[in-house]
Amino acid sequence: MDIGQKVRAARQGAKLTQEQAAEALGVSRQTISNWENNKTYPDIVSVIKMSDLYSISLDTLLKGDPKMIEHLDESTNTVKSQRRFSKLILISVYMGVWALLMILFWCFTPTDAGIGYSLLTFYLLLPVVTVVLSFLIGKDESWGRFRWGMIAFFAVMYLLMDYGTFSLANNLTFGKVNVPDFETLIPGAVCSAVGMAAGSIANLMQYKKKAQQ
């Protein structure tokens, strides 16, 4: 018995019409019909929802249908690739902003950059970008526990921004080498932690909302 036949039998066993099942699963009636007639395959999330709705185990639904297993494998790989790409985009955006700010500093003399650059970089652009990207990372479960390690990443990038601009300019001017100011780790870590916590809370609220539906 293929997945379509199993899904139809499970729905009928639960005494649900296609319309009722579609409403419960959050899809159209035509989608239910396509699944049951093997015109299309359900994704893994829909399979799990059907397992709960129809009170049938995943093993029973999936066992003996190699095409369905292959479809889920391909879908899973696609999702993983999309998540890796989204992570790369987030990091690339941050690094792009960081590099741009660094380049802008050295396009001017340190005295010209001065307080205006400092306010723009360390009190506006970098904090905003850090909080927003940390929020998106915290909200995305695919980062797992690794997302909390990103707080250290943003903190270090703050330190490097300070050391690569005003500190380095001071070193070059007076011909000396100063160690980085490790206190500059704090604002980067704080901004990232705030964004990460807000994202995690948003994700938790979204999960609870779905669970109540």
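Please read these numbers as outputs of a predicted model, since none were measured by experiment.

Asks: Would you take a moment to explain the packing of helix H2 (residues 18–25) against helix H4 (residues 44–53) for this structure?
Replies: A pair of packed helices is characterised by two quantities: the angle between their axes and the separation of those axes. One can describe the packing of H2 onto H4 by two numbers: an axis separation of 10 Å at closest approach and a directional angle of 120°. By the angle between their axes, H2 is oblique relative to H4. Note on packing geometry: the crossing formed by H2 with H4 is right-handed. Where H2 abuts H4, its residues Ala21, Ala24 and Leu25 lie against Lys49, Met50 and Leu53.

Asks: How should I be thinking about the pattern of salt bridges in this particular structure?
Replies: A side chain of one charge can pair with a side chain of the opposite charge when the charged atoms of the two come close. Within the structure shown, the criterion is met by two salt bridges. With its nearest N and O atoms 3.9 Å apart, the salt bridge here joins glutamate 36 to arginine 8. Within this pair, whereas glutamate 36 is found in helix H3 (residues 29–36), its partner arginine 8 is found in helix H1 (residues 3–13), the two being separated by 28 residues in sequence. Glutamate 36 sits in the buried class, given a relative accessible area of 2%. Close ionic contact of arginine 11 with glutamate 36 constitutes a salt bridge, the shortest N to O distance being 2.5 Å. With arginine 11 in helix H1 and glutamate 36 in helix H3, this residue pair connects regions lying 25 residues apart in the sequence.

Asks: Is there a simple way to think about the nonpolar core in this case?
Replies: For soluble globular proteins, the rule of thumb is that nonpolar side chains tend to be buried together. One finds Tyr94, Trp98, Leu126, Ile137 and Met161 to be the most contacted residues of the largest nonpolar core, which totals 22 residues. Those elements giving two or more residues to this core turn out to be helix H6 (66–107), helix H7 (110–139), helix H8 (146–174) and helix H9 (185–212). Considering each element in turn, this core owes the most residues, seven residues, to H8. Beyond its immediate chain neighbours, meaning those up to four positions away, methionine 161 contacts Trp98, Leu101, Met102, Tyr117, Thr121, Phe122 and Leu126. Of all hydrophobic cores here, the second largest spans 14 residues; its members include Ile3, Ile32, Ile56 and Leu62.

Asks: Where do I start with unusual backbone geometry in this structure?
Replies: Of note, lysine 15 is a non-glycine position whose phi angle comes to about 60°, a positive value. Within the secondary structure layout, lysine 15 lies in the loop between H1 and H2. Exposure remark for lysine 15: the relative accessible area of 71% places this residue in the exposed category. Despite not being glycine, asparagine 38 shows a phi value in the positive range, around 60°. Locating asparagine 38 in the fold gives a position in the loop between H3 and H4.

Asks: Mind showing me how you'd approach the packing of H1 against H3 here?
Replies: Close contact between H1 and H3 brings their axes to 7 Å; oriented N to C, the two are set at 125°. Between H1 and H3, the angle falls in the class oblique. In this structure, H1 uses Gly4, Gln5, Val7, Arg8 and Arg11 to contact H3, whose residues at the interface are Ile32, Trp35 and Glu36. For the contact of H1 with H3, a count of residues per class yields three nonpolar, two polar and three charged.

Asks: Explain a nonpolar patch on the surface to me, please; I cannot follow it from the model alone.
Replies: Residues Leu120, Leu124, Leu125, Val128, Val132 and Leu136 make up a contiguous nonpolar surface patch of roughly 450 Å² in combined accessible area. Considering the arrangement of structural elements, one finds leucine 120 in helix H7.

Reading the values: the criteria
Residues numbered from 1 in each chain as written. Predicted model: local features only at pLDDT ≥ 70, side-chain atom pairs only at ≥ 80, totals over all residues. Heavy atoms only, no water. Axes fitted to C-alpha atoms, helices over the stretch in contact; angles between N-to-C directions. Helix = DSSP H or I, 4+ residues; strand = E, 2+ residues; numbered from the N terminus. Parallel < 35°, antiparallel > 145°, perpendicular 65-115°, else oblique. Left-handed = near helix turned anticlockwise from the far one by under 90°. Contact = heavy atoms within 4.5 Å. Salt bridge = Lys/Arg side-chain N within 4 Å of Asp/Glu carboxyl O. Buried < 20%, exposed > 50% of the residue type's maximum accessible area, 1.4 Å probe, protein only. Core = buried A, V, L, I, M, F, W, Y, C linked by side-chain atoms within 4.5 Å. Nonpolar A, V, L, I, M, F, W, Y, C, P; charged D, E, K, R; others polar. Patch = residues over 30% accessible without salt bridge, like charges linked within 9 Å, V, L, I, M, F, W, Y side chains within 5 Å. Areas by Shrake-Rupley, 256 points an atom, 1.4 Å probe, with all protein chains shown as cover.

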